[in-house]
Amino acid sequence: MQNRRNLLSGIALSTGLGLATAFRPKAALAQAATGGGQAMWGGRFTEKPGALMQEINVSIDVDRRFWRQDITASQAHAAMLVKQKIIAADDGEKIQGGLKTIIGEIEAGTFPFRREFEDIHLNVEARLGELIGPASGRLHTARSRNDQVATDFKLWVRDALDDMQLKVKDLQLALVTRAEQHADSLMPGFTHMQPAQPITLGHHLMAYVEMFARDVSRMADARTRMNECPLGSAALAGTSFPIDRTMTAQALGFARPTANSLDGVADRDFALEALSCFTLCAGHLSRLAEEMVIWCNPQFGFIAFSDSYSTGSSIMPQKRNPDAAELVRAKSGPISGDFLALNTVLKGLPLAYDKDLQEDKPPVFHAFDALDLAIRAMTGMVLDFKANTARMAAVAASGFSTATDLADWLVQNLNIPFREAHHISGAAVKLAETKGVELSQLTLKQYQSLNPGITADIYRVLTAKASCEARTSYGGSAPAQVRQQVVRWKGLLTAKG
Ligand code: ARG
């Protein structure tokens, strides 16, 4: 208790703040009288920490972001301590009252976040001491900042995963809406970025609905796996107090307490897993963004963004740049960097808690913010773009895109083995290329020179529309298939719960 005063006055000196300005005098008195909220590591120290020590140690600017989770966890812990008769009921009440006041202060923007108290845990505890006096010192019974931070951060990451799933679903819904509008809009499908087979824009957009569905399911999986409560692991070895870990786990919405106290304080898999989910999702956004950049290039001319998603050039008046799409495309870089950052921090860390773990938060917060913005921007762009359906259909019909259909016709009508049919179709492409025409413009005579069995029926399959509509296999590009998927996804995405 003595040491708390030493620490406080040391800090007051080092920051040039007298105690009277750092605290309300009455509260400071209460604090001094009781030493409530004793600093964790002051006992064996006579000197205050050096300025650089404080600077490298402080994390309040980062971890204040989960103040609410910190207080929620403290409320649960205090209630459990009372129920287990580890602390007296009236102390418990004072603690709950003080925590409530702190919530009000933080919400009102009047809470004094102080760097001299290192992190959010000590800031809340210090303030609690000022507000309620000696009882505040009982809150930290049977817990440590190690299980506290693991719990708080887990709660934050869990909320983040829940939130992100909703954002991804909004994007999926936007994609489904546009896919429904464009279930019949022909466009060229590509492999190797070369014209391959005609598809529809709807089909293309629905591919992303599937991708993002995997992101949602990955986040849901990660959430389930992480949902064990570290609180009660204490510093590393658990506690000798008769705590009820199931009670706190339940109060905080966890499925169960973590089963090993060392793992409880040392585990950051949940954060890394969230980052891996975010990284994959950012990669998917990047792919779609890249396609949009290509599609809105005038040489493609497939889509155009309205002014609200375009920017101009300061020198070239004709420019209409898809900056938002480009930035979404780029976000995948810093977000996967965040994954790598945390993975590297965790690598080789011995059990149990190490201060390295304090470096877990910046990458997670950064990745969350970046992805959150990228998803919202992408949802906006998906709803915004205008498709030039005539242009897309014309391109879909060009580039010999129905050569596969020609080969398939030969197989289906003349019972030619596919390999041979492929060869004949290839010869037709070569012929069309030399004549400077499309496959549908070769004469029947020319076709019959390649195989005498070919009849005029061949022309039926050589249009882009027929080609696309013929792909009725499950998951294929036929508009009927696409519509089926649209209906299925609309149901899934708008279902309650
Ligand atoms: N600010 C610390 C962190 O974010 C809290 C835990 C500190 N624990 C300790 N033993 N110093 O990890």
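The following refers to the structure shown. (Residues numbered from 1 in each chain as written. Predicted model: local features only at pLDDT ≥ 70, side-chain atom pairs only at ≥ 80, totals over all residues. Heavy atoms only, no water.)

### Observations regarding helix α14 (residues 323–346)
Working step 1: Across its 24 residues, α14 extends 35 Å between first and last C-alpha, which sits within 8% of the 34 Å expected from 1.5 Å per residue.
Working step 2: Along α14, the largest kink reaches about 25 degrees and is centred on Ala330; proline Pro334 follows within four residues of it.
Working step 3: Buried-residue contacts for α14 involve α13 (269–295) and α15 (361–384).
Working step 4: Following α14 by one or two positions, Gly348 adopts a phi angle in the positive range, close to 75 degrees. (Helix = DSSP H or I, 4+ residues; strand = E, 2+ residues; numbered from the N terminus. Expected span 1.5 Å × (residues − 1). Bend = angle between axes of the 7 residues up to and from the residue. Contact = heavy atoms within 4.5 Å.)

### Points about the site of the ligand
Working step 1: The ligand sits among Ser59, Asp63, Asp119, His121, Arg145, Asn146, Val149, Tyr353, Lys355, Gln358 and Lys361.
Working step 2: In the environment of the ligand, a nitrogen atom lies 2.9 Å from a nitrogen or oxygen atom belonging to the side chain of Asn146.
Working step 3: Tyr353 is positioned with one of its side-chain polar atoms (N or O) 2.5 Å from an oxygen atom of the ligand.
Working step 4: When the ligand is considered free in solution it has 340 Å² of accessible area, and contact with the protein chains removes 86% of it.
Working step 5: Among the elements that line the shell around the ligand, the one with the most residues is helix α9 (residues 145–181), at three residues. (Near = heavy atom within 4 Å. Polar contact = N/O pair within 3.5 Å; in protein donor to acceptor, adjacent residues only side chain to side chain. Areas by Shrake-Rupley, 256 points an atom, 1.4 Å probe, with all protein chains shown as cover.)

### What about the environment of Gln172?
Working step 1: As for its placement among the helices and strands, Gln172 is situated in helix α9.
Working step 2: Taking the relative accessible area as the measure of exposure, Gln172 reaches 1% and is therefore buried.
Working step 3: Not counting residues within four places of it along the chain, the set of residues in contact with Gln172 comprises Val209, Phe212, Ala213, Val216, Trp489 and Leu493. (Buried < 20%, exposed > 50% of the residue type's maximum accessible area, 1.4 Å probe, protein only.)

### Regarding unusual backbone geometry
Working step 1: In this structure, Ala352 follows Leu351 across a cis peptide bond, with omega equal to 5 degrees.
Working step 2: By the element assignment, Ala352 lies in the loop between α14 and α15.
Working step 3: Of note in the backbone geometry, Lys85 takes a positive phi value of approximately 60 degrees without being a glycine.
Working step 4: A residue is classified by how much of its surface remains accessible, and Lys85, at 73% relative accessible area, is exposed.
Working step 5: For His192, which is not glycine, the phi torsion reads 55 degrees and is therefore positive.
Working step 6: Position of His192 relative to the elements: it lies in the loop between β1 (186–191) and β2 (194–200).

### Some thoughts on the pattern of salt bridges
Should their charged atoms come close, side chains of opposite charge can pair.
Working step 1: In total, this model carries 29 salt bridges according to the counting rule given.
Working step 2: Residue Glu105 is joined to Arg127 by a salt bridge in which the shortest nitrogen-to-oxygen separation is 2.8 Å. With Glu105 in helix α7 (residues 89–108) and Arg127 in helix α8 (residues 120–132), this pair connects stretches of sequence that are 22 residues apart. With respect to class, Glu105 is no different from Arg127; both count as buried.
Working step 3: Among the charged side chains, a network of salt bridges with common partners joins Glu105, Arg114, Arg127 and Glu130. (Salt bridge = Lys/Arg side-chain N within 4 Å of Asp/Glu carboxyl O.)

### Looking at helix α18 (residues 418–435)
Working step 1: The terminal C-alpha atoms of α18 lie 25 Å apart, and with 18 residues this matches the ideal 26 Å at 1.5 Å per residue to within 8%.
Working step 2: All of the buried residues along α18 are Ala421, Ile424, Ser425, Ala428, Val429 and Ala432. Buried residues of α18, viewed axially, fall in a sector of 150 degrees; they line one side. Seen from the buried face of α18, the exposed residues on the opposite side, beyond 90 degrees, are Arg419, His423, Lys430, Glu433 and Thr434.
Working step 3: Against the buried residues of α18 lie α17 (403–414) and α19 (444–450).
Working step 4: One or two positions beyond α18, positive phi appears at Gly436, with a value near 70 degrees. (Arc of directions from axis to C-beta.)

### Describing the packing of helix α6 (residues 67–83) against α7
Working step 1: Where α6 meets α7, the axes come as close as 9 Å, and the angle between the chain directions of the two elements is 170 degrees. Taken together, the axes of α6 and α7 are roughly antiparallel relative to one another. Counting all contacts with α6, which are made through Trp67, Arg68, Ile71, Ser74, Gln75, Ala78, Ala79 and Val82, the residues of α7 involved are Ala89, Gly92, Ile95, Gln96, Leu99, Ile102, Ile103, Ile106 and Glu107. (Axes fitted to C-alpha atoms, helices over the stretch in contact; angles between N-to-C directions. Parallel < 35°, antiparallel > 145°, perpendicular 65-115°, else oblique.)

### Looking at the packing of aromatic side chains
Two aromatic rings, taken as a pair, are described by how far apart their centres are and by the angle between their planes.
Working step 1: Evaluation of the coordinates by the stated rule reveals twelve aromatic pairs.
Working step 2: Summarising the aromatic geometry, the rings of Phe111 and Phe113 are spaced 4.8 Å apart at their centres and angled 65 degrees between planes, so their arrangement reads as edge-to-face.
Working step 3: Both rings, one in Trp156 and one in Phe365, keep their centres 4.6 Å apart while their planes meet at 75 degrees; by these two values the pair is edge-to-face. Residue Trp156 is found in helix α9, and its partner Phe365 is found in helix α15; the two are separated by 209 residues along the sequence. Across the pair, Phe365 and Trp156 agree in class, each one buried.
Working step 4: Site record: aromatic cluster; members linked through ring pairs are Phe66, Phe153, Trp156, Phe270, Phe278, Phe365 and Phe368.
Working step 5: The positively charged end of Arg64 is found above the aromatic ring belonging to Phe113, 3.8 Å away from the centroid. (Phe/Tyr/Trp six-rings, centres within 6.5 Å; stacked < 30°, edge-to-face > 60°. Lys NZ or Arg CZ within 6 Å of the ring centre and 35° of its normal.)

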